[in-house]
Amino acid sequence: MTSRYVELHAASAFSFLEGASQPEDLIERAVELEMPAMALLDRNGVYGSARFHTSAKRNCVRAHVGAEVAVSSLGPRLTPHAWLPHQHIPEHARIPLLCESREGYQNLCQLITRFKLRESAKGEGSAVLDDLREYASGLICLTGGDEGPLASALVSGGEDAGRQIVEQLVNIYGRQSVYVELQRHGEREQEWRNQAALRIACSLHLPVIATNGVRYARAHEREVLDVFTSIRNHINLDRAGRLLSLNSQRHIRPAAQMTQLFRDVPGAIETTADLSERLQFELSDLGYAFPRYPVPDGETMDSFLGKRVAEGVARRYGQKTSDLLERAKKQMEHELKLIAKLGFAGYFLIVWDIVQFCKRNDILIQGRGSAANSAVCYALEITAVDPVGMDLLFERFLSESRGEWPDIDLDLPSEEKREQAIQYVYQRYGVLGAAMTANVICYRGRSAAREVGKALGFDQESLGRLSSLVGHFEWKGPTDTMAHSFQHAGFDLKHPRIAKYLDLCMRIQDLPRHLGQHSGGMVICQGQLNSVVPLERASMPGRTIVQWDKEDCADLGIIKVDLLGLGMMAVLKDCLELIPQHYGERVDLAQLPEDEEVYLTLQKADTVGMFQVESRAQMASLPRNKPDRFYDLVVQVAIIRPGPIVGKMMHPYMRRRQKKEPVSYPHPSLEPVLKRTLGVPLFQEQLLRIAMTVANFSGAEAEELRRAVGMRRSWERMKNLEGKLRAGMTANGIGPKVQETIIENISSFALYGFPESHAASFALLAYASAYFKVKYLAAFTCAILNNQPMGFYMPAVLVKDAQRHGLRVKPIDVQISRWACTIEHESDGALSMRLGLGYAKGLRKRAGDALVVERISRGAFHSAEDLTLRVPGLSRKELTLLARVGAMNSIEGVSHRRDALWQVDRAGRLEGPLLRQQSEWLREDSAGLPLEQMTTSERLVADYAGTGLTVGRHPMHYRRSELRRQHVLSASELRRCRDGEIVRAAGCVIARQRPGTAKGFIFISMEDETGIANVIVTPDLYERQRLVVTRSKFLIAEGPLQNQDGVIHVKAINLIELSDHDLRTSSHDFH
Amino acid sequence: MSRPIEQFACVYAQEFPVQALLRLRPELRGGPCAVLEGTPPSQQVCSCNTSALDLGVEHGMTPVELETIPSVIALARSALEEVSTRTALLECIGSFSPSLEELTDDGAFVCVADISGTERLHGQPTSLARALIDRMHVLGVYASVATTGNFHAAVCLARGMPPSDRVGIVPQGQEASALAPLPLRVLGLDPERAETFELWGIKTLGALASLPEEPLIARVGQDGKRLRQLARGTAPHLFVPIEPPFALDEFIELDSPVELLESLLFVLGALLGQLIVRAANRALALAAVTATLALEGGGTHSRTVRPALPSNDKRLWIKLLHMDLEMHPPGAAVLSLRLAAEPGRTAKVQLGLFSPQLPDATRLDVTLARIRAVVGEENVGSPVLNDTHRPGDFTMQPFKVAAQQERQSSVGCVVTPLRQLRPPEDVTVIVREHDLLAFFFRHRRYEVERAFGPWLGSGDWWSSARWGTQSWDVVARHPDGSLICGCLVRDVVQSRWQMAGLYD
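1. Overview of the overall build of chain B
Secondary structure assignment for chain B yields 15 helices and 21 strands. Counting the 504 residues in chain B, one finds 41% classified as buried. Of the contacts made within chain B by residues no fewer than 6 positions apart, 57% connect residues no fewer than 24 positions apart. For chain B, the accessible surface area stands at approximately 28,200 Å², while carbon and sulfur atoms represent 54% of it.

2. Some remarks on the nonpolar core
Buried together is how nonpolar side chains tend to be arranged in soluble globular proteins. Core analysis: the largest hydrophobic core is formed by 149 residues, its most contacted members being A:F772, A:L882, A:M888, B:W200 and B:L208. Here the element with the most residues in this core is helix α32 (residues 756-775) of chain A; it accounts for eleven residues. Here A:F772 is in contact with A:L572, A:C575, A:L576, A:I579, A:V587, A:L589, A:L592, A:L777 and A:F780, once residues within four sequence places are set aside. Residues A:A196, A:M301, A:V376 and A:Y429 belong to the second largest nonpolar core, which totals 146 residues.

3. Describing the interface of chain B and chain A
Between chain B and chain A, the residue contacts involve 43 residues of the former and 64 residues of the latter. The largest per-residue losses of area from chain B upon contact with chain A belong to B:R219, B:W461 and B:W462, which jointly make up 22% of the total buried on that side. In this assembly, chain B and chain A are joined by three salt bridges. One salt bridge connects B:D473 with A:R188, and the closest N-O pair in it is separated by 2.9 Å.

4. A look at the pairing of strand β16 (residues 822-825) of chain A
In regular strands, side chains alternate between the two faces of the sheet. All names here are of chain A. Sheet topology places β16 next to strand β17 (residues 831-834); four bridges connect them, and they run antiparallel. Paired with I823 across the strands is M833, a residue of β17. The hairpin formed by β16 and β17 contains five residues between the paired strands, and G829 there has a positive phi angle of roughly 90 degrees.

5. Overview of the packing of aromatic side chains
Given two aromatic rings, one states the distance between the centres and the angle between the planes to describe the pair. A full pass over the atoms with the stated rule returns 30 aromatic pairs over all chains. An aromatic cluster is present here, built from A:Y583, A:Y599, A:Y767, A:Y771, A:F772 and A:Y776 joined pairwise through their rings. Sitting over the face of the ring of A:F1003, A:R616 holds its NZ or CZ atom 3.5 Å from the ring centroid. Sitting above the plane of the A:W902 ring, B:R219 keeps its charged end 3.9 Å from the centroid.

6. Considerations on the pattern of salt bridges
Residues and elements named next belong to chain A. According to the stated counting rule, one finds 102 salt bridges over all chains in the structure shown. When the shortest N-O distance is used, the salt bridge between E536 and K116 registers 3.8 Å. Taken together, the residues E536 in strand β12 (residues 535-537) and K116 in helix α3 (residues 102-118) connect sequence positions 420 residues apart. Like K116, E536 is buried.

7. Brief notes about the packing of helix α22 (residues 596-603) of chain A against α32(A)
All names here are of chain A. Relative orientation of the contacting elements α22 and α32 amounts to 100 degrees, with a least axis distance of 9 Å. Between α22 and α32, the angle is such that the two are roughly perpendicular. Seen from α22, the contacting residues are E597, V598, Y599, T601 and L602; seen from α32, they are Y767, A770, Y771, V774 and K775. Broken down by class, the residue content of the contact of α22 with α32 amounts to seven nonpolar, one polar and two charged.

8. A look at the environment of B:L456
With respect to the secondary-structure elements, B:L456 resides in strand β18 (residues 444-459). The exposure class of B:L456 is buried, given its relative accessible area of 18%. Between the C-alpha atom of B:L456 and that of B:G468, which follows or precedes it by twelve residues, the distance is 7.7 Å. Residue contacts for B:L456: discarding those within four places in its chain leaves A:H185, A:G186, A:L246, A:N247, A:Q249, B:T469 and B:Q470.

Conventions adopted
Residues numbered from 1 in each chain as written. Chains lettered and ligands numbered in written order. Predicted model: local features only at pLDDT ≥ 70, side-chain atom pairs only at ≥ 80, totals over all residues. Heavy atoms only, no water. Helix = DSSP H or I, 4+ residues; strand = E, 2+ residues; numbered from the N terminus. Buried < 20%, exposed > 50% of the residue type's maximum accessible area, 1.4 Å probe, protein only. Contact = heavy atoms within 4.5 Å. Areas by Shrake-Rupley, 256 points an atom, 1.4 Å probe, with all protein chains shown as cover. Core = buried A, V, L, I, M, F, W, Y, C linked by side-chain atoms within 4.5 Å. Buried area = accessible area lost by both parts, 1.4 Å probe. Salt bridge = Lys/Arg side-chain N within 4 Å of Asp/Glu carboxyl O. Pairing = 2+ DSSP bridges. Phe/Tyr/Trp six-rings, centres within 6.5 Å; stacked < 30°, edge-to-face > 60°. Lys NZ or Arg CZ within 6 Å of the ring centre and 35° of its normal. Axes fitted to C-alpha atoms, helices over the stretch in contact; angles between N-to-C directions. Parallel < 35°, antiparallel > 145°, perpendicular 65-115°, else oblique. Nonpolar A, V, L, I, M, F, W, Y, C, P; charged D, E, K, R; others polar.

Any functional reading would require information beyond the geometric quantities listed.
Below is the structure:
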């Protein structure tokens, strides 16, 4: 007889530290065991159900949805007897609930949301019986295993108490929907409870069901569960005792084994299959509908949207050529028709509403991503790129056959402005109508090493050393394994305990650790989101999150709006305020002129601080690409990406751009498609157009092709489409050889290709940032320093770069500085920038603000003591800090930093008021200030330690004469050297990169007083001089110079650490 | 009478843990050696000699890192050897001056001797210092000595002297100039204070000494005054000489080897008498006595007796030691005897007027000692279950009187008594397709009629103590009709069947 067994009580690692397998692994095991269905019941949520469902669908397994819900009214969960030593902390018993219908699922989501939101902060929470009663319909209740209420009632109150619990559940869920659950894990105590449960089931005429209370897919994963238990209870394995599992039986068991195990309980196994058939609900039947946008009476959403778009067209294209206007109108009509057909008008209006809110509240906002392909988005001012003018492809954004929602990402200035927009969405759609998507935080190298190490009882110091060594590089070399890191940390891999440690670290990689909040993804569903997915509190006050991350939401067709913080938006916004104020000129971001000087600067790769074009790789390609119009910048933004580099598109494009190679096309018909990119396909839109041109694909089919190529697992789908593509090409008379080239082109870059619309949106910001930096350096530098951290370089580098471009940067001064950096007008009419108090590391904002308020209201400070007395909020440490960085040098009686230190140390220890009356007694001889002035190197140390930068000369300046003796060249001198010449260069390391595409090569950027020099480190050299490469702050690199097309690198053959006089400079490493 | 001129000599031995070990291992002294502390696998280098330093050994290295430097010999840190070395050094320095004050920290041995007035005995400070260094060198320890008229100045000078200078003599009144070039670290400042001085640009004792006193006090408090005095070599010091440690230790070398225990008891009694008198003089009693017997042919035999309460009852002690030695007799004739006692507070018991009479504590101790002699020490006390799933895991704890008797009652289930077999008895089991058919127990074959199980348990998978068991509750019958109900256990790790217990 074939056993019909379905596991209806499984938990995954999404029970956060109470389960040890990924939902996908559970499904994989179910497939191996030929189990037709399985139910996932995670603790207090459906966190893993989306992934469980997606994986099950792919493998033709039915995925049942449910959860184990903690109920405080059903008593505590089972713990060992009081006479046994144990460390269990009291927890509520949990009842397993399964969703029979969509109504049941909606009730489960609402039930979980109810008790989760009852908590004032992020927490587990628990339901009460009234909650269960309210949301009972459509749910099936099991009596639970060790975690359930029946087990604990039987142990604490005997069979009578057990019966009462089951009767309570029957009262709530009805006789038809309660199953008495039996689990057999080979435990004596459990069997006693099972026998009691059987008698109760018999007396109440309830069906009995067998489950295995699964916590992991395979038996050996019990070890991971034990480690998780130990992490959860903050105790090491040696001391965890009875908290750990007794055996490894809670894995998915084959039907035959379960049948054998429950052969004495007739029907217990068969009931699982019957119940599985009864559970009709699956996540594909979510019933999610995007909210309607409220429109005035007499309007439909479509008509309302049409009107808004018409207004937008007039605004955007009114002053353009009539041809463009006509094309725009035609495109709008096409898009609106499709939007109406797909019923997406509400979505566009909601996004439009958010944009309108931002505009009303003076918040800079710009859409990015594929939305920039849509003329409707442009007309609604969601995006700033004109897709008609730029001839972008709408189908990349929205297509009829795709069956999924469009995706609009909105960039906002970071921090409070973005928060303002998020809170507006909450307020408009209600607490139960909008929430952030979750971000599942998983175990990675460092966290795994740290937490498993703690569980195994390793000391903190060894763990600290290890986690600092576990690589976080983008590129992993053959020696960058975890085992290698262990060895470097001084662990002996032959020791069995260490070997186990390493093994466990690898096994818990990628398992979920806890739920965080996604940076900007918002899910909206007016007033009913809680019946689609449970909501819970985020750790940030005032925020709620859904239990799924953005991929899960996308998989289940839930629409989201990404409200992303983009530091550069804040910089541009600040520039727009500073420029009229200090330069007396008005600038409009949408109408920036094409400027030759800006393009010349870009061509020279003089791009520190500019959006998207400031990285080393960008700098290395700018002199080759030589952008001289906006579209070149679009290509520039898109081309330095892993996709084009891996797809080997970058070099052909560059060669053609430099006219070293003729422009050719795979087929003459593709010339209009590829002309803009010199015959080299670079953008996803071009892939779509290629398919449309050569094989007569419709826009929707072409988009399907792009997605099929992009998904590694859809070989079958890809094969069908490839057949269709070939057939289309043959029909168009394209020969087999050309067909092959075209297909190769498509498959090589489709995986990584960048959307043109997205590149265009970013290029707009890149151009604006370049324009502001070239034309309004003081304003740009001030804005970028006030919006740190952002971008590729540290403030120290930005300041030095600005100084090299002629900006005078002044130090922090308690008599002048505000919290933020400010612009000052010099007597000669030039503008300079004053560092703000915010750059004093460790000064609290409250104290800094108090200082500024006091200075503004009562004038400058007369002495260090005066400052101390007038701003009592400044702590002694803060006073010392200000004195150390020279911020008090302009106070009367202070001639240098150590004078200030001497005085604040006195002023920070004031006597009581009585003694102070006799001020004569306390007066010190100010002429006898005993401390010596700081030396130059001491001042540098103080600057870097106190502010992270120096406005004085670059540290390398002071060593120049010594370096010259060693024949070390400066960055500017390198530019004059020949290609291949052996050179020595030195500088302060500002960035180290090991890009995924560079096969283990490391790129180091070094700065000196004349500019930035780039060094290439081969993998071999890295192996030999690992510490010098990763730890040195100042470096001498020796090797041949590469000067190709004005792009200069030193290919290091030897690296020497330059002693740094304790300077604590920092670099951005391994992006 | 004028005050005698003060003179102090500071002895400073750096890298003390490695020096303490190499002292008794002269063959290793020339080569690179490093000392590891901590428990494996988390060990780190805590000290090393100059040869090792030259090769690049650093404090904090792990054994694996150390292995990358060839020829370095790794030794484990030994607290006992450090103690014995310290004792030897103190004794050595004590022979130059009876007034010693020890300031040893974790990594270095520091001891200051008040050598005022020793000129007539040991000559000028220079010759005293050289003699001291030579004597310590004989002991196998390399140290440096600084002498000045100020206690703290001597310590600072010794800490700040370059390792090549073994002797530093600073005449009275010249302390300030001698201290001036030394770095601030010799003062052992706390990190906060060190940071303040660093900010001020004060790097040497000279710079610190030149700061004006009152403004300094106004900034760093009274500690500023002290530090300034230290830097000038004028800080006063109240010399607190160390007393020889109080050790209840008596040793006797026997004239001839003694084989009979009874003969030994006479000597034992005499030693105990001395110990009791010495303890009693300090109003203490003996809490534990360790008898260490040096045996003929090398080797020692050591026994410790620890009654429930400290006592000065000589007869009780003789009785307890007698029984212990009877139970654990020395393997050879005894050459010498050493008795070391731990002192404890005298036992005082206040009996209530109406409280029931308790057994005399001393007599109970004798009884328990008798039981221990029979069943073994580890088997006396009350068993306490451990927090683990491992079956039958418990530890024995000494008897103690519980504050209140706790009563536990289990609800809702009938408990069948199981008589645990300790140790479990091996059985042979006949199994067919996971079913138990029969077993041989105590030379009888039983046919299994019913078996419940297997009950499964496993744990400690992360360590060498890994265990795993499968157990069955069985009802089995002998061909003669007799029935047996028991618990059969299969040790999965060792693949071994045992009868763990029998049900009533």
